[in-house]
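Here's the letter readout for the chains.
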Protein chains: 2
Amino acid sequence: MTAYTQLSNTDKDQLLAELRQQYDAFATQQLDLDMTRGKPSTQQLDLANNLLRLDGFKDSTGADCRNYGGLDGLPEMKALFSDIIETPVENIIIGGNSSLTLMFDALARACLFGVSEDTSPWHGQEVKFLCPSPGYDRHFTVSQTLGLESIRVDMTDSGPDMDQVEALLAQDASIKGIWCVPKYSNPTGITYSDEVVERLASMKTAADDFRIMWDNAYAEHYFSGELDTVKDILATCAAAGNPDRAYVFASTSKMSFAGSGVSAFASSANNVSYAKKYIGAQSIGPDKVNQLRHLALFPDLASLRNHMSKHAALLGPKFARVEQILNEELAEIDIARWTKPRGGYFTSLDLNTGSAKRTIELSANLGVKLTAAGAPFPYGVDPQDNNIRIAPSFPELDDIETAMRVLCLSAKLATLEAAY
Amino acid sequence: MTAYTQLSNTDKDQLLAELRQQYDAFATQQLDLDMTRGKPSTQQLDLANNLLRLDGFKDSTGADCRNYGGLDGLPEMKALFSDIIETPVENIIIGGNSSLTLMFDALARACLFGVSEDTSPWHGQEVKFLCPSPGYDRHFTVSQTLGLESIRVDMTDSGPDMDQVEALLAQDASIKGIWCVPKYSNPTGITYSDEVVERLASMKTAADDFRIMWDNAYAEHYFSGELDTVKDILATCAAAGNPDRAYVFASTSKMSFAGSGVSAFASSANNVSYAKKYIGAQSIGPDKVNQLRHLALFPDLASLRNHMSKHAALLGPKFARVEQILNEELAEIDIARWTKPRGGYFTSLDLNTGSAKRTIELSANLGVKLTAAGAPFPYGVDPQDNNIRIAPSFPELDDIETAMRVLCLSAKLATLEAAY
């Protein structure tokens, strides 16, 4: 095969006709495939089916977990998250089934009350948030819903483009935060380098109430090679003299049951104590019985890691298949680049032309649903219209192959169309 | 026995000496009893132990409840709450384990975004909330934490004193809401009359963004006679031309496991649609597996009511014992009045003298913990210092008897002390 840029116009015409025939052939199959979201598969969920059975209802102190109480979670649950996110137990608050809720609530508190006793509420101020992109659409939706303006900064292979970040923060006191997925980032799969973590922790910010939203969503979620490590943001911030700068989030959502997991918030002693003041008015405490279920499944970090190795065994072949098809279909014709993730839930595909929207539309017309074009960018706008997020965790291997063939065919067609 | 008001000073001296001897006798027992909170007992929680075992994980449509999705809850769960709070399914949003969180979040949304597209955020405005008292301390804490000023209004045997409420609302546009526990109210146990519900629904409010916080916490929680009924607030508001006035809350907390139940929010179509806009940014959805567990326990309203009759059988004797001791100890000496609840979680005791704080202190010194004096009033201040909330649900009958003897003795001592 030849790179598309080398094709003559006649070659293009002929190729387009061939691809349209292939497209029509797919159309007869009446496909109905969905690769829109990073959902665990049935097989992954099955690994945690012991959550459906719990013997007993007391924690290690003998307390009845069925009753009210326990604002910040069971000590054993805090200990487990302490191991996952390498943070002292006393800096952790356990939440409900959704770390996204912990993030929304942390920013809602900042809007209503400020981030500390001696800072002003963000509500009523002009407040901006840095959104390294491509990133996680739900993050951007949280801050935008709360009225915070999204400012796009680029992602690199080692984290957000820190030159851009530092330049913006040095001059603009209305920028109050940044969204980060430090390990196996959504959707590019990269892990932040030590240098990026250090710069985030130590950079000068014009705002004195700047916060890093550190969503360690994929802390244990590798599927290739060894588990990546990422430098401890809370310790690095403390060492840099900015102890209250980072809010850390994690959850078991993609370890146990996606909709019925346990979430955690971690931060400095100051931030945790400040947050508890409001969480204590908002709730009598999270679901402790569900924490017990999780502790029976994951009594310690070793058992959790053993469990995650089974997830890896299920996810690895799916991502390998995605990469295989991308290689077979697109490598030689040179119309796109893509990531080779070793963890997380996504492969990120960048077309050489601004054809993402058209590609996704062509795929949808064949019954293959992909994440909406632009979703990984603030306000859903991909400035180059070339990024496509591929989420292969849920479908079976055969369906992934079919969906990927359709996606690649659609990308070829869209690229050729764009070249006219 | 003689009414204390009829005692001569010599009688008082002698009585005080006798009571102090009794008090000292209790002191040697080194009691450790807790009647501070309305917690279900171990036996009540045991009734729901089937929640610890779930067969399967699919809802009636075949959807896998372990995975992400389902922002507003399972249809069957909405149907159950629809029966409990007599509201159409489409007006219900299912939440997590805490209806208090739904209340906090509803008011936090009002503060950040207003109660509708065309009203202003409460944050930054002077906003007041009516707090019928004695009432539920955690309600008042929610609105106060959000910066809303508490205005105390009196409770009557049929609900808030509506003359006071209407007079305040007619003139003060900064009053934006009222807290209500319409059935078996916390702590007085009364149920709102139809007239009160109608006046709440139809009264003129200077504020056009006024909201009734209708916490139907004890919808099914009788223990004596027949279950009370309360007029449907949403329908009554709609009929009165104020369809968006009420936010309704309910939960299974005191039906199943107190800390691991399912909560619900219900309101007009407008309000539900407005709330979903924000809830959709805050969460991917509540814990559906826990909803399935509850549906296995309570497949319909009849099974739930059968379950609640077992709660009634456990709670009834406890409240009867409270009333018995109050009668034995206090009726003839005429130093207090108390409620005779037929449902809910509390008996409310009003001393004739302003001696609640001292009574609670005297009890605490004997090892009997009671709800803090003033807790059922805004800012924890009982203007007459005479109300004591009795929460007999958790302790065993013998312990209730002991705690009540201590409480009554303490009340007698405090009353006599006050009379000097």
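Note that the structure is predicted; figures quoted are calculated from it, not measured. (Residues numbered from 1 in each chain as written. Chains lettered and ligands numbered in written order. Predicted model: local features only at pLDDT ≥ 70, side-chain atom pairs only at ≥ 80, totals over all residues.)

Trainee: Can you help me understand the interface of chain A and chain B in this one?
Mentor: It is common to give the size of an interface as the accessible area that goes away when the parts come together. Between chain A and chain B, the residue contacts involve 46 residues of the former and 45 residues of the latter. At the level of elements, helix H2 (42-46), helix H4 (99-113), helix H5 (137-145), helix H9 (269-282) and helix H10 (288-297) of chain A are the ones that each hand at least two residues to the side of chain A that touches chain B. Looking at the side of chain A that touches chain B element by element, the count peaks at six residues for H4(A). Looking at the side of chain A that touches chain B residue by residue, the class counts come to 22 nonpolar, 17 polar and seven charged. (Contact = placed C-beta atoms within 7 Å. Helix = DSSP H or I, 4+ residues; strand = E, 2+ residues; numbered from the N terminus. Nonpolar A, V, L, I, M, F, W, Y, C, P; charged D, E, K, R; others polar.)

Trainee: Just checking my understanding: could you explain the relation of the copies chain A and chain B for this structure?
Mentor: The pair of chain copies shares a relation made of a rotation about an axis and a shift along it. Between the two copies, chain A and chain B, the superposition gives an RMSD of 0.0 Å; the rotation angle is 180° and the shift along the axis is 0.0 Å. Both chain copies can therefore be described as sitting about a two-fold axis. In terms of proximity to the rotation axis, the leading residue of chain A is A:Arg53, whose C-alpha is 2.4 Å off the axis. Most of the interface of chain A is mirrored in chain B: 98% of its interface residues are interface residues there too. (Least-squares fit on C-alpha atoms with pLDDT ≥ 70 in both.)

Trainee: Would you mind showing me how to read the pairing of strand E11 (residues 347-351) of chain A here?
Mentor: In the case of a regular strand, side chains alternate between the two sheet surfaces. Residue and element names in this part refer to chain A. By the criterion of burial, E11 is predominantly enclosed, with four of the five residues buried. Alignment of strand E10 (residues 336-338) against E11, held across three bridges, turns out to be antiparallel. Residue pairing for E11: Trp338 is matched across the bridge by Leu349. Across four bridges, E11 lies against strand E13 (residues 387-390) in antiparallel orientation. Opposite Leu349, over in E13, you have Ile388 as the bridge partner. (Buried ≥ 20, exposed ≤ 12 C-beta atoms within 10 Å, placed from the backbone. Pairing = 2+ DSSP bridges.)

Trainee: Just checking my understanding: could you explain the pairing of strand E8 (residues 246-251) of chain B for this structure?
Mentor: Residue and element names in this part refer to chain B. Summarising burial for E8: six of the six residues are buried, a large majority. Where burial is concerned, the two faces of E8 agree: the one with Ala246, Val248 and Ala250 and the one with Tyr247, Phe249 and Ser251 are both buried. Pairing between strand E7 (residues 211-215) and E8: four bridges, direction parallel. If you follow Met213 over to E8, its bridge partner there is Tyr247. Assessed by its sense of winding, the connection that carries the chain from E7 through helix H8 (residues 233-239) to E8 is right-handed. Bridge count between E8 and strand E9 (residues 263-266): four bridges; the pairing is antiparallel. Within the sheet, the bridge partner assigned to Phe249 lies in E9 and is Phe265. (Right-handed = clockwise from strand over helix to strand, strands pointing away.)

Trainee: Is there a simple way to think about the environment of B:Gly374 in this case?
Mentor: Within the secondary structure, B:Gly374 sits in the loop between strand E12 (368-370) and strand E13 (387-390). Expressed as a C-alpha distance, the spacing of B:Gly374 and B:Arg337, which sit 37 residues apart in the sequence, is 17 Å.

Trainee: Explanation requested: the sheet that holds strand E4 (residues 149-156) of chain B in the structure shown.
Mentor: Within a sheet, each strand pairs with its neighbour through backbone hydrogen bonds, oriented either parallel or antiparallel. Residues and elements named next belong to chain B. Taken together, eight strands build an open sheet; the order of strands is E2-E9-E8-E7-E6-E3-E4-E5 and the sheet is mixed. Two strands lie at the open edges of the sheet, namely strand E2 (92-94) and strand E5 (159-160), each paired on one side alone. Pairing of E2 with E9 involves three bridges; the strand directions are antiparallel. Residue Ile93 lies in a different strand from E9, and its bridge partner there is Phe265. Along the sheet face, helix H9 (residues 269-282) touches E2, E8 and E9 and points at about 25° away from the line of E2. (Axes fitted to C-alpha atoms, helices over the stretch in contact; angles between N-to-C directions.)

Trainee: Can you help me understand the domain arrangement of chain A in this one?
Mentor: All names here are of chain A. Examined at the domain level, chain A breaks down into domain 1 (4-44 + 305-419) and domain 2 (61-298). One C-alpha centre belongs to domain 1, the other to domain 2; they are set 31 Å apart. Listed per partner, the contact involves 24 residues of domain 1 and 27 residues of domain 2. Mapped onto the side of domain 1 that touches domain 2, the elements with two or more residues apiece are helix H11 (301-331) and E13. Take the side of domain 1 that touches domain 2: its biggest share by element is seven residues, from H11. Per-class residue counts for the side of domain 1 that touches domain 2 are 13 nonpolar, seven polar and four charged. (Domains from an automatic or database assignment.)

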